[in-house]
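The primary structure of each chain is shown beneath.
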Amino acid sequence: MGQSASGEIDFITNGSDGPRYHQVSESVRDPHTLERELSSLRAVRDGYPKTLITLDDERLVDHEGKTGSHYGLVTWW
């Protein structure tokens, strides 16, 4: 677990391409929960990949002008 200026990062993995940051939440359907989880990731400004893992359904996410796929943990099993 790591710390950022605005909260904690749940998991940080280190590979040959550098670190990857992972936040885990059961659900981010509530806007306040989504903001809390993303604020910790946004605080890390090093350009390395950041992942939010939830049990929510897969969907496209548009957040602060960045669009990406949101995959729930169930999708990965």
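Predicted model, so just to flag it, every value in this text is computed and none were measured.

A few words now on the pattern of salt bridges. Using the criterion set out here, one finds four salt bridges in the structure. R42 is the salt-bridge partner of E35, the closest N and O atoms lying 2.4 Å from each other. According to the relative accessible area criterion, E35 is partly exposed, its value standing at 36%. The partner of D46 in a salt bridge is K50, with the nearest N and O atoms 3.4 Å apart. According to the relative accessible area criterion, D46 is partly exposed, its value standing at 34%. Judged by its relative accessible area of 29%, K50 is partly exposed.

Criteria and thresholds
Residues numbered from 1 in each chain as written. Predicted model: local features only at pLDDT ≥ 70, side-chain atom pairs only at ≥ 80, totals over all residues. Heavy atoms only, no water. Salt bridge = Lys/Arg side-chain N within 4 Å of Asp/Glu carboxyl O. Buried < 20%, exposed > 50% of the residue type's maximum accessible area, 1.4 Å probe, protein only.

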